Amino acid sequence: VQLAESGGGLVQPGGSLRLSCAASGFNFGSVVMRWDRQAPGKGREFVAAITSNGRTTNYADSVKGRFTISRDNANNTVYLQMNSLKPEDTAVYYCYAPQLYSWGQGTQVTVSS
């Protein structure tokens, strides 16, 4: 199982970023996928999840209405579109396959002026 995140970076408050997670080594289209994050000095927290067929999504209250999770099963990729970013969104963002207990290496998102 391999999960490789990309797309992080430095962005100003109010800006947008799109994270990608390329998956390999398992049947991607059959598992739930999730994004979690870990801010400096804090524990890892849930951000968003999407069912295997992409029809159902779930979000943490802190990102609802600003973030959108999606997936492309043909290309084994899950995305996180992040809009209206706030400084409190600064964290390392991880792609997670909960049914396989597998995490990616993370990608840093920094929101600062």
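Attention in this report is confined to the structure presented alongside it. (Residues numbered from 1 in each chain as written. Predicted model: local features only at pLDDT ≥ 70, side-chain atom pairs only at ≥ 80, totals over all residues. Heavy atoms only, no water.)

**Focus on the environment of Tyr 94**
Working step 1: Within the secondary structure, Tyr 94 sits in strand 9 (residues 91–97).
Working step 2: C-alpha separation for the pair Tyr 94 and Asn 76, spaced 18 residues apart in sequence, amounts to 16 Å.
Working step 3: Residues contacting Tyr 94, with those up to four places away along its chain left out, are Glu 5, Arg 34, Trp 35, Asp 36, Gln 38, Arg 44, Trp 103, Gly 104, Gln 105 and Gly 106. (Helix = DSSP H or I, 4+ residues; strand = E, 2+ residues; numbered from the N terminus. Contact = heavy atoms within 4.5 Å.)

**Some thoughts on the packing of aromatic side chains**
Working step 1: Taken as a whole and assessed by the stated rule, the structure comprises 3 aromatic pairs.
Working step 2: Seen in terms of ring centroids, Phe 26 and Phe 28 are 6.2 Å apart; in terms of plane orientation they differ by 55 degrees. Their pairing is tilted.
Working step 3: Counting every residue linked through ring pairs, the aromatic cluster contains Tyr 94, Tyr 96 and Trp 103.
Working step 4: If you follow Arg 18 out to its NZ or CZ, it ends over the ring of Tyr 79, 3.9 Å from the centre.
Working step 5: The ring of Phe 28 has Arg 71 lying over it, and the distance from NZ or CZ to the ring centre is 4.4 Å. (Phe/Tyr/Trp six-rings, centres within 6.5 Å; stacked < 30°, edge-to-face > 60°. Lys NZ or Arg CZ within 6 Å of the ring centre and 35° of its normal.)

**What to know about the state of the cysteines**
Working step 1: Counting across every chain of the model gives 1 disulfide.
Working step 2: For Cys 21, the disulfide goes to Cys 95, at an S-S distance of 2.1 Å. Between Cys 21 and Cys 95, the disulfide has an S-S torsion of -80 degrees and is therefore left-handed. Of this pair, Cys 21 sits in strand 3 (residues 17–24) while Cys 95 is found in strand 9, placing the two residues 74 residues apart along the sequence.
Working step 3: Overall, the relative accessible area of 0% leaves Cys 21 in the buried class.
Working step 4: Residue Cys 95 is classed as buried on the basis of its relative accessible area of 0%. (Disulfide = S-S within 2.5 Å. Buried < 20%, exposed > 50% of the residue type's maximum accessible area, 1.4 Å probe, protein only.)

Nothing here speaks to function; it is all geometry.
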